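Close look at the chain arrangement
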Amino acid sequence: MLVSVALVATALVAVGLALVGRSTETLPVADGAGPAPAPSAGGTPERQTLRDLMPPGVRIGTAADGRGLSLDPAYRALLGTEFNAMTAENAMKWRSLEPLPGVHAWAGADQLVEFAQQHGQAVYGHTLVWHSDVPKWVSPDWPAERVRAVLQEHVTTVVSRYRGRVWAWDVVNEVLDEDGRLRDTIWLRKLGPGYVADAFRWAHAADPAARLFINDYGVEGRTRKADALLRLVRDLRRAGVPVDGVGFQSHLRWDQSPRDLVGNLRRFAQLGVSVAITELDVRVALPASPQKLEQQAVLYRRVLRACLAVPACVSFTVWGFTDARSWIPGYHRGYGAACLFDSGLAPKPAHNALMDELRRQASRGGVVPGPD
Ligand code: G3I
């Protein structure tokens, strides 16, 4: 019986993959037990959610916040029902994980991973090597060998701990500056440009099955920085470095639109890597108005269409799902309302737009005609 259920499930996935032109190779591993049931109010039909409508082979993810998870049952319910993937917004950053040398604080990250497993969600690990959120005890005054040793130890320890439970890692995050040069960081200064390749090799050694991503912002459309990232990924792949994917953060503004999203994702896909929308949000200038939220919805839809139009796009992740917990107001003065749900967790036009887009695509058999 179990075998036949598994066979039917496999066949259904294969049909779905054929429809969207995705290969099983790009399917995330380390999946959990399948979709969690949506909360049901006294036997009424359950509301459809984003994860219900997402085509097979493409994950719908969100950044998740430990505080929301611990304190807010409504937050937990939406997190578990709307998404089938999650990224730790902060809990897997080095500063969170290792406050003192050799002393790890795993509880926050473990809590998210356990929640994900209980709700059939893939975990996207964020992030191993970054210039930000480095623990204060890592000193730029150390000799290069010591910096290299602690970085390798960090990558190896974290990836090994979550081996088989994290399907993909942002191995390096934001390594390019605005001009497309390698960013001036402690890693570049101390270790030279080879640290990028080394980080991928260390991560691969610690979990050969994990998908390894390079992640950046300002590269969603065709920009100078995107051109530079393309060259970097091509060179790394030619050198045999295990780079499996490119993450496009996509922190956007409601009144600006990236140039040629689809064409840009495609040129990366042509290098043989997966691509992923990793941190999408669309901030608006406050106060938000119905018109601004409609424009915001158009952009969310456009990014989803771009991802679905490119078979190599394996996940579509928003950077938090509620305006109540978004990073935007704290970092972009005068902006906010960037998420799919408002502060009271009611769906906004952007959520409706994504649902509508997924229904349209399902009714067309998963094929997106025309430009994004
Ligand atoms: O946890 C402490 C808390 O103990 C303290 O009371 C509080 C006081 O400020 O700070 C808390 O830490 C903050 C943390 O978010 C958790 O809320 C940090 O100060 C704050 O800097 C941190 O900001 C995060 C930021 O990355 C820096 O790590 C944002 O939440 C997070 O959304 C943002 O995410 C980044 C991605 O990692 C990379 N791409 C860009 C994206 C947006 O900046």
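None of the values given here were measured: they were computed from a predicted structure.

Analysis parameters
- Residues numbered from 1 in each chain as written.
- Predicted model: local features only at pLDDT ≥ 70, side-chain atom pairs only at ≥ 80, totals over all residues.
- Heavy atoms only, no water.
- Helix = DSSP H or I, 4+ residues; strand = E, 2+ residues; numbered from the N terminus.
- Buried < 20%, exposed > 50% of the residue type's maximum accessible area, 1.4 Å probe, protein only.
- Contact = heavy atoms within 4.5 Å.
- Areas by Shrake-Rupley, 256 points an atom, 1.4 Å probe, with all protein chains shown as cover.
- Near = heavy atom within 4 Å.
- Polar contact = N/O pair within 3.5 Å; in protein donor to acceptor, adjacent residues only side chain to side chain.
- Nonpolar A, V, L, I, M, F, W, Y, C, P; charged D, E, K, R; others polar.
- Salt bridge = Lys/Arg side-chain N within 4 Å of Asp/Glu carboxyl O.
- Expected span 1.5 Å × (residues − 1).
- Pairing = 2+ DSSP bridges.
- Right-handed = clockwise from strand over helix to strand, strands pointing away.
- Core = buried A, V, L, I, M, F, W, Y, C linked by side-chain atoms within 4.5 Å.
- Disulfide = S-S within 2.5 Å.
- pLDDT = per-residue confidence, 0-100.

Once that is clear, we can look at the overall build of the protein. A tally of regular secondary structure across the protein gives 14 helices and 10 strands. By residue count, 56% of the 372 residues in the protein fall in the buried class. Intrachain contacts of the protein at a sequence separation of at least 6 include 78% that bridge at least 24 residues. For the protein, the accessible surface area stands at approximately 15,700 Å², while carbon and sulfur atoms represent 56% of it.

Surrounding the ligand, one finds 14 residues, the nearest of these being Glu89, Lys93, His126, Glu279 and Tyr331. Between the ligand and glutamate 89 there is a distance of 2.4 Å, counted from an oxygen atom to a side-chain nitrogen or oxygen. Tryptophan 319 has a polar side-chain atom sitting 3.0 Å from an oxygen atom of the ligand. Protein contact buries 56% of the 800 Å² of open area that the ligand shows by itself. Its residues assigned to classes, the shell around the ligand comprises four nonpolar, five polar and five charged.

This part takes up the pattern of salt bridges. Once their charged atoms are close, side chains differing in charge can pair, the charge on each being opposite to the other. Summed over the entire model, instances satisfying the criterion amount to 19 salt bridges. Where arginine 95 meets aspartate 133, a salt bridge forms, and the shortest distance between an N and an O atom there is 3.7 Å. Taken together, the residues arginine 95 in helix H5 (residues 94–97) and aspartate 133 in the loop between strand E3 (122–129) and helix H7 (144–161) connect sequence positions 38 residues apart. You can call arginine 95 partly exposed: its relative accessible area is 41%.

Right, let's talk about helix H6 (residues 107–118) for a bit. Across its 12 residues, H6 extends 16 Å between first and last C-alpha, which sits within 8% of the 16 Å expected from 1.5 Å per residue. Along H6, the positions that sit buried rather than exposed are Ala109, Asp110, Leu112, Val113, Phe115 and Ala116.

What follows deals with the pairing of strand E5 (residues 211–216). For E5, the buried fraction is high: six of the six residues fall into the buried class. Burial along E5 is two-sided: the residues Arg211, Phe213 and Asn215 and Leu212, Ile214 and Asp216 are all buried. Bridge count for strand E4 (residues 168–173) against E5 is five bridges, and the pairing is parallel. Note on E5: the bridge partner recorded for aspartate 170 is phenylalanine 213. Direction of pairing for E5 relative to strand E6 (residues 245–248): parallel, over a ladder of four bridges. The residue of E6 that forms the bridge with aspartate 216 is phenylalanine 248. Crossover handedness for the path E5 to helix H10 (residues 224–238) to E6: right-handed.

The next thing to look at is the nonpolar core. A general trend in soluble globular proteins is that nonpolar side chains are found buried together. Counting 109 residues, the largest nonpolar core has Trp169, Trp187, Ile214 and Phe316 as the members making the most contacts within it. Discounting residues that sit within four places of it in the chain, isoleucine 214 has contacts with Val172, Val175, Phe200, Leu229, Leu232, Val233, Val243, Gly245, Val246 and Gly247. Core analysis: the next-biggest nonpolar cluster, separate from the first, contains eight residues, Ala85, Tyr124, Ala168 and Ala276 among them.

Here we take up the pairing of E4. Here E4 lies mainly inside the structure; six of its six residues are buried. With four bridges connecting them, E3 and E4 associate as parallel partners. Within E4, the residue paired with valine 129 across the bridge is valine 172. Each parallel crossover has a hand, and for E3 linked through H7 to E4 it is right-handed.

Scanning the entire structure with this criterion turns up one disulfide. Two residues, cysteine 307 and cysteine 313, share a disulfide whose sulfurs are 2.1 Å apart. Here the S-S torsion is close to -95°, and the disulfide linking cysteine 307 with cysteine 313 is therefore left-handed. Both residues of the pair, cysteine 307 and cysteine 313, belong to the buried class.

Here the focus is the confidence of the model for the protein. Detailed reading of the predicted coordinates is not advisable wherever pLDDT falls low. Here the protein averages 90 in pLDDT, and 86% of its residues register 70 or above. Contacts for the low-pLDDT stretch residues 1–21, under 50 throughout, to residues beyond four places or in other chains number 17 contacts. Contacts from residues 23–43, a stretch scored under 50 in pLDDT, to residues over four places away or in other chains number 38 contacts.

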